[in-house]
Amino acid sequence: MRISTAQMFNQSINSVLDRQSATSQIMEQLSTGKRVNTAGDDPVAAIGIDNLYQQNALVDQFIKNIDYATGHLAVAESKLGSAERLVSSIQEQVLSAVNGSLSDTDQVTIANEMRSSLEELLSIANSKDESGNYLFSGDRTSTQPFAFDSSGNIVYSGDSGVRQAVVASGVTVGTNLPGDSVFMNAANALGDFSVNYLPGQIGEFNLASANIVTPGGHVPVAPEGYTFSFTDNGTGGVDLDVVDSAGTSQVVVANFDPSKPVSFNGIDVKIDGAPAAGDTFTLSPQTEVSIFDSINQAITLLESPNKINTPQGSAELAHLLGNITSGTRQIDFDRGIAGNDLKRVESYQSGHEDVKLVNSSALSLLEDLDYASAITEFEKQQLALNAVSTLFGRVSSTSLFDYI
């Protein structure tokens with residue numbers, strides 16, 4: 001078979017170029033440490049490598065979200081811990097005021113201490129994160145959540161929004177606790193109604209609870225609620241008449257017995273102590289109370305001369321103490337939410353780190369270079385390139401005219 005000179009040259013050049021290309025590919029692998037640098041190196045492995053890199057990018061984003069959530073939840077949990085300790089201290093101050101031997105001056109001193117504690121609690125509720133955003137304002141992070149209004153009450157200007165962070169596929173975790181839940185929405189210690197003890201109270205009594213026990217049999221009333229009036233029954237006891245805001249009698253209890261609840265309109269009311277003839281108090285619907293209002297009202301009560309030791313003042317203080325205790329529980333409850341969420345994100349972070357470890361091992365198997373094999377292959381390709389180059393040089397210099 002005859003081969004033309006041009007064909008011989010082309011075949012020889014192609015052989016040299018093939019060896020150079022193979023040598024260059026191995027040199028690139030040695031320089032990068034990767035067996036697969038382009039999809040052409042190993043198409044099947046390249047698909048797996050691309051999928052693993054995408055998974056790791058998603059996991060990295062989850063971990064960033066977890067870091068963000070962890071930082072904010074940790075700060076919120078710490079602030080609520082401080083708030084809980086502060087409210088517990090206020091609770092002790094209120095308890096210390098339940099002492100008949102305290103003078104008005106002593107009571108005012110306690111009230112001043114409580115006011116300082118209230119201002120500190122307000123400062124905690126208005127805490128900011130590292131970016132200058134308010135922790136407890138819901139989604140309105142640039143709005144100061146709590147402030148005194150013109151009447152001296154603390155009002156909430158945030159909202160109930162909970163900012164979510166995606167910490168795993170289909171899993172979100174709240175990164176904040178809205179201030180209304182923490183500080184404004186504690187359960188009313190009495191239940192579904194709030195009490196207002198009126199001046200001139202004679203009997204030593206206070207309301208123990210007021211709950212709607214039969215929702216289906218309860219007809220909602222106006223905000224003014226109900227008035228409870230006790231009258232002398234002429235036999236050494238008292239009768240009770242309960243009327244609504246329209247003056248309509250709801251129930252009349254002859255010879256009132258404080259050991260038995262007063263039931264009407266699906267409501268049960270329990271009274272501790274012994275009301276006297278002429279005593280009156282009112283109930284108004286209220287299921288939630290603000291810890292700020294409870295503390296504020298307790299301070300006002302302590303600052304009122306000679307009131308704390310009256311039957312009315314004693315009953316009011318017992319009611320406020322119950323609401324402050326309820327506020328402490330609410331702060332503790334929300335602090336528990338933050339703590340539980342911290343545990344959740346910690347668990348997810350551990351899982352993501354395990355996934356990254358597995359993916360890294362798989363990536364290593366698919367794309368990392370075996371240096372010993374690569375160097376051996378490089379030597380083989382280098383030897384082949386030298387041999388082809390030498391042979392091509394000798395063949396290309398051969399001419400028929402040399403033999404004529």
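Structure's up top.
Numbering of residues starts from 1 in every chain and runs along the sequence as written. Totals for whole chains, interfaces and linings use every residue, but because this is a predicted model, local features are given only for residues with pLDDT of at least 70 and side-chain atom pairs only at 80 or more, for both listing and counting. Side-chain figures throughout are based on the complete set of non-hydrogen atoms in the structure, without hydrogens or water.

The subject of this paragraph is the pairing of strand β13 (residues 280-285). In short, DSSP must find at least two bridges between two strands for them to pair. Numbered from the N terminus, helices here are DSSP runs of H or I no shorter than four residues, and strands are runs of E no shorter than two. Both strand β6 (residues 193-197) and β13 contribute to a ladder of five bridges, which runs antiparallel. In the sheet register, Tyr197 faces β13, and the bridge partner there is Phe281. Where strand β8 (residues 226-232) and β13 come together, four bridges link them in antiparallel fashion. Bridging from a neighbouring strand, Ser229 pairs with Thr280 of β13.

Moving on, we get to unusual backbone geometry. Note: most peptide bonds trans; most residues except glycine with negative phi. At Asn255, a residue that is not glycine, the phi angle is positive and equals roughly 50°. Residue position: Asn255 is located in the loop between β10 (249-253) and β11 (262-264). Buried residues are those whose accessible area, probed at 1.4 Å on protein chains only, stays under 20% of the maximum for their type, while exposed residues exceed 50% and partly exposed ones sit between those limits. We classify Asn255 as partly exposed; its relative accessible area is 49%. The phi dihedral of Asn265 is positive, around 45°, even though this residue is not glycine. Position of Asn265 among the secondary structure elements: in the loop between β11 and β12 (267-274).

The next point concerns helix α5 (residues 291-303). The end-to-end C-alpha separation of α5 is 18 Å, in line with the 18 Å expected for 13 residues at 1.5 Å each. For this analysis, a polar contact is any N or O atom pair within 3.5 Å, provided that within protein one partner can donate a hydrogen and the other can accept it, and provided that sequence-adjacent residues contribute only side-chain to side-chain pairs. For α5, the side-chain oxygen to backbone nitrogen distance between the N-cap and Phe292 is 3.1 Å, and the N-cap itself is Ser290. In this analysis, the expected span of each helix is defined as 1.5 Å times one less than the number of residues it contains.

Turning our attention to the sheet that holds β11. Ordered in space as β7-β12-β11, the three strands form an open sheet in which the pairing is antiparallel. Single-partner strands in this sheet number two, and they are β7 (204-212) and β11. Each strand axis lies, on average, 20° off the axis of its neighbour in the sheet, ignoring direction. Relative to β12, β11 is paired through three bridges, and the arrangement is antiparallel. Of the residues in β12, the one forming a bridge with Phe264 is Ile267. Axes here refer to lines fitted to C-alpha atoms; in helices the fit is confined to the stretch in contact. Angles between the N-to-C directions go from 0 to 180 degrees.

Moving on, we come to the packing of aromatic side chains. For this analysis, a ring pair means two rings from Phe, Tyr or Trp (six-membered ring only for Trp) whose centres lie within 6.5 Å, classed as stacked if their planes differ by under 30 degrees, edge-to-face if by over 60, and tilted for the remaining angles. Using the criterion set out here, one finds 15 aromatic pairs in the structure. Taking the centre distance of 5.8 Å and the plane angle of 90° together, the rings of Phe136 and Phe183 count as edge-to-face. In this pair, Phe136 sits in the loop between α3 (104-125) and β1 (146-148) while Phe183 sits in helix α4 (residues 179-184), placing the two residues 47 residues apart along the sequence. For the pair Phe136 and Phe183, a shared accessibility class is recorded, and that class is buried. For the pair Tyr226 and Phe264, a centre-to-centre distance of 5.0 Å together with 80° between the ring planes defines the contact as edge-to-face. With Tyr226 in strand β8 and Phe264 in strand β11, this pair connects stretches of sequence that are 38 residues apart. For the residue pair Tyr226 and Phe264, the accessibility class agrees, reading buried in each case. Taken together, the ring pairs connect Phe193, Tyr197, Phe205, Tyr226, Phe228, Phe230, Phe256, Phe264 and Phe281 into an aromatic cluster.

Bringing the nonpolar core into the picture now. For the purposes of this section, nonpolar cores are sets of buried Ala, Val, Leu, Ile, Met, Phe, Trp, Tyr and Cys residues that join through side-chain atoms within 4.5 Å. Core analysis: the biggest nonpolar cluster contains 50 residues, and Val94, Met114, Leu121, Phe146, Phe183, Phe292 and Ile295 have the highest contact counts within it. Listing elements by their share of this core, those giving two or more residues are α2 (43-97), α3, β2 (154-156), β3 (164-168), β4 (171-174), α4, α5 and α6 (311-367). Sorting elements by how many residues they give to this core places α2 first, with eleven residues. In what follows, residue pairs with any heavy atoms lying within 4.5 Å of each other are defined as contacts. In contact with Ile295, other than residues within four places in its own chain, are Ile90, Met114, Leu118, Leu121 and Ile324. If you look at the next biggest cluster of nonpolar residues, it comprises 23 residues, including Leu190, Phe205, Phe230 and Val238.

Once that is clear, we can look at the sheet that holds β8. Here five strands make up an open sheet; going across it, the order is β6-β13-β8-β9-β10 and the pairing antiparallel. Taken across any chain shown, the strands that pair with only one partner, and hence form the sheet edges, are β6 and β10. Put simply, the sheet's adjacent strands are angled 20° from each other on average, direction ignored.

Here we take up the pairing of β12. Taken together, the eight bridges between β7 and β12 define a ladder with antiparallel strand orientation. When the sheet's bridge partners are listed, Ala210 is paired in β12 with Val269.

Here the focus is the pattern of salt bridges. Salt bridge, as used here, is a side-chain nitrogen of Lys or Arg placed within 4 Å of a carboxyl oxygen of Asp or Glu. Scanning all chains against the criterion turns up six salt bridges. Taking the shortest distance from any N to any O, the salt bridge between Glu77 and Arg335 comes out at 2.8 Å. Here Glu77, found in helix α2, pairs with Arg335, found in helix α6; they are 258 residues apart in sequence, far enough to count as distant. The class of Arg335 is partly exposed, set by a relative accessible area of 25%. We note a salt bridge from Asp341 to Arg344, for which the minimum N-O separation is 3.7 Å.

Time to look at the packing of α3 against α5. For the pair α3 and α5, interaxial distance at closest approach is 8 Å and the crossing angle is 160°. Between α3 and α5, the angle falls in the class roughly antiparallel. Relative to α5, α3 is oriented so that their crossing is left-handed. Where α3 abuts α5, its residues Gln107, Val108, Ile110, Ala111, Asn112, Met114, Arg115, Leu118, Leu121, Leu122 and Ala125 lie against Phe292, Ile295, Asn296, Ala298, Ile299, Leu302 and Glu303. When residues are sorted by character, Ala, Val, Leu, Ile, Met, Phe, Trp, Tyr, Cys and Pro go into the nonpolar class, Asp, Glu, Lys and Arg into the charged class, and all the rest, Gly among them, into the polar class. Here the contact of α3 with α5 is built from residues that sort into 13 nonpolar, three polar and two charged. Any angle between 65 and 115 degrees counts as roughly perpendicular, while under 35 counts as roughly parallel, over 145 as roughly antiparallel, and the rest as oblique. Two helices crossing with the near one rotated counterclockwise from the far one by less than a right angle form a left-handed crossing, whereas a clockwise rotation gives a right-handed crossing.

Let's shift gears to α3. In this model, α3 (22 residues) spans 31 Å end to end at C-alpha, consistent with the 32 Å of a helix rising 1.5 Å per residue. What α3 keeps buried is the set Gln107, Ile110, Ala111, Met114, Ser117, Leu118, Leu121, Leu122, Ile124 and Ala125. Down the axis, α3 shows its buried residues gathered within 145° of arc, on one side only. Regarding the arc, it is the one traced by the directions from the helix axis to the C-beta atoms.

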